[in-house]
Amino acid sequence: MNTRTMLIVAVVGLLAGTHASIWGMYKDAIHEGFTKTTFARSMVVGVFCALAIQWYLELPIHSPGTLVLLFGLTYAAERGVVEVWKTFIRDEDQSKYFIPMQFSLYGRPVRSRLARLALGVVYVVGVALVLFAIAKLDDGVEPTRFRMAMVGLATGMIVAISGAWKDAPKEGFELLKFFRSPAMTVSYALLLSYFTDSYLLSAVGALGFERATAETYKTFFFPSKPRGKFTGKPVLHPHMLTQRYYFVPVYVSIWIVVVVCASMALVSPTTTLFAATGS
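Residues numbered from 1 in each chain as written. Predicted model: local features only at pLDDT ≥ 70, side-chain atom pairs only at ≥ 80, totals over all residues. Heavy atoms only, no water.

**Considering the overall build of the chain**
Thinking step 1. For the chain, the helix and strand inventory stands at nine helices and two strands.
Thinking step 2. For the chain, the N- to C-terminal ordering of α and β elements is α-α-α-β-β-α-α-α-α-α-α.
Thinking step 3. Taken against the 2.2 N^0.38 rule, which gives 19 Å for 279 residues, the C-alpha radius of gyration of the chain at 19 Å falls within 12% of a compact globule.
Thinking step 4. Viewed in the frame of its principal axes, the chain has a C-alpha envelope of about 50 × 40 × 35 Å.
Thinking step 5. The buried share of the chain, reckoned over its 279 residues, is 44%. (Helix = DSSP H or I, 4+ residues; strand = E, 2+ residues; numbered from the N terminus. Rg over C-alpha atoms; globule rule 2.2 N^0.38 Å. Buried < 20%, exposed > 50% of the residue type's maximum accessible area, 1.4 Å probe, protein only.)

Pasting the structure below:
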């Protein structure tokens, strides 16, 4: 991977990480306050995830469609790393949350860190097995829209089951909410199938875009509704109610860049944004 490729990939990773940082801050900072370290966390993880993905896959990043795919893959990887860390590894006072962020049973956090680590291994292995099964389809199984939709459904069910496990004991089970993520991952897997023939890349990229879309919807379409984990909790940092708006133009701009790149790729698949950079 040459220097120019690394720079482009790092920018994609930074955009994905910044996107996640902004919606997280927008809802959480009024309760927890704003810290540069927390805000920068997803940016740093996003850059490293993007570089690792590109190093392994050697994607033709001069294509706008591939950049869109890389954004989705990076988003999924960043969310996976951060959420596994918060759920199974991090020790934190859970009393400030309505819905515990650490792994819980029936809404009650598992206090033993060793037990959480063991459960985390089981969870990661389980997800890895699902992705491995999807990856096997890339070994000679002809891509079809139906199969792409099914692999999107598989990754969407991972999100739906994980979310229901965490939220349902406190909020109750909502059927429409449960199937929201699978519906989005199916749609995004079909969209990404125009940019790649890989079942695995479509499925994982769809997972990333599902997270980006779902959090955009929950954060900015219902700004006065607190995130589920802070339901009933006081606003301890009211100044962030106005300061958080300064980040919205950046957030919107990232979405615009992604949509424009996707539109360019769909309208003219041979469009090239950069001279071929190699790997």
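**Things to note about the packing of helix H3 (residues 64-89) against helix H7 (residues 199-220)**
Thinking step 1. It is the contact of H3 with H7, at a shortest axis distance of 7 Å, that shows an interaxial angle of 70°. With respect to H7, the axis of H3 lies roughly perpendicular. Residues Val68, Leu69, Phe71, Gly72, Leu73, Tyr75, Ala76 and Arg79 of H3 form the contact with H7, whose own contacting residues are Leu201, Val204, Gly205, Leu207, Gly208, Phe209, Arg211 and Ala212.
Thinking step 2. Split by residue class, the contact of H3 with H7 holds eleven nonpolar, three polar and two charged. (Axes fitted to C-alpha atoms, helices over the stretch in contact; angles between N-to-C directions. Parallel < 35°, antiparallel > 145°, perpendicular 65-115°, else oblique. Contact = heavy atoms within 4.5 Å. Nonpolar A, V, L, I, M, F, W, Y, C, P; charged D, E, K, R; others polar.)

**Digging into the packing of aromatic side chains**
Thinking step 1. What the rule picks out here adds up to 16 aromatic pairs.
Thinking step 2. Aromatic pair Tyr97 and Phe230: ring centres 5.5 Å apart, planes at 50°, arrangement tilted. Of the two residues, Tyr97 sits in the loop between H3 and strand S1 (104-105) while Phe230 sits in the loop between H7 and helix H8 (240-243), which places them 133 residues apart along the sequence.
Thinking step 3. A connected cluster of aromatic rings, assembled from ring pairs, spans Tyr26, Phe220, Tyr245 and Tyr251.
Thinking step 4. The cationic tip of Arg244 hangs over the ring face of Tyr26; the distance from NZ or CZ to the ring centre is 4.2 Å.
Thinking step 5. Geometry around Tyr245 places Arg244 over its ring, the cationic atom sitting 5.8 Å from the centre. (Phe/Tyr/Trp six-rings, centres within 6.5 Å; stacked < 30°, edge-to-face > 60°. Lys NZ or Arg CZ within 6 Å of the ring centre and 35° of its normal.)

**Quick look at the pattern of salt bridges**
Thinking step 1. Applying the stated criterion across every chain yields a total of 15 salt bridges.
Thinking step 2. When the shortest N-O distance is used, the salt bridge between Glu215 and Arg211 registers 3.2 Å. Within this pair, Glu215 and its partner Arg211 are both found in helix H7, separated by four residues, close to a single helical turn. Here Glu215 and Arg211 have matching classes, each one buried. (Salt bridge = Lys/Arg side-chain N within 4 Å of Asp/Glu carboxyl O.)

**Some thoughts on the environment of Ser202**
Thinking step 1. Relative to the assigned elements, Ser202 resides in helix H7.
Thinking step 2. Residue Ser202 is classed as buried on the basis of its relative accessible area of 0%.
Thinking step 3. Residues Ser202 and Asn2, 200 residues apart in the sequence, show an inter-C-alpha distance of 26 Å.
Thinking step 4. Those residues in contact with Ser202 that lie beyond four places of it in its chain are Met148, Ala189, Leu192, Ser193 and Thr196.

**Structural notes on a nonpolar patch on the surface**
Thinking step 1. A cluster of nonpolar side chains, Met1, Met6, Trp55, Tyr56 and Leu57, forms an exposed patch at the surface whose accessible area comes to about 570 Å².
Thinking step 2. Looking at which element gives the most residues to the nonpolar patch, the answer is helix H2 (residues 36-57), with three residues.
Thinking step 3. On the secondary structure map, Leu57 appears in helix H2. (Patch = residues over 30% accessible without salt bridge, like charges linked within 9 Å, V, L, I, M, F, W, Y side chains within 5 Å. Areas by Shrake-Rupley, 256 points an atom, 1.4 Å probe, with all protein chains shown as cover.)

**Some remarks on the state of the cysteines**
Thinking step 1. One pass over the structure, following the stated rule, counts zero disulfides.
Thinking step 2. No disulfide involves Cys49; its sulfur sits 20 Å from the nearest other cysteine sulfur, which is in Cys261.
Thinking step 3. For Cys261, a relative accessible area of 13% corresponds to the buried category. (Disulfide = S-S within 2.5 Å.)

**Focus on the side chain of Arg90**
Thinking step 1. Residue position: Arg90 is located in the loop between H3 and S1.
Thinking step 2. Under the relative-accessibility criterion, Arg90 is labelled buried at 16%.
Thinking step 3. At 3.0 Å, the side chain of Arg90 and the side chain of Glu92 are in polar contact.
Thinking step 4. Aside from chain neighbours lying at most four places away, what touches Arg90 is Arg41, Trp85, Tyr97, Met101, Gln102 and Arg116. (Polar contact = N/O pair within 3.5 Å; in protein donor to acceptor, adjacent residues only side chain to side chain.)

Geometric values such as these leave the question of function open.
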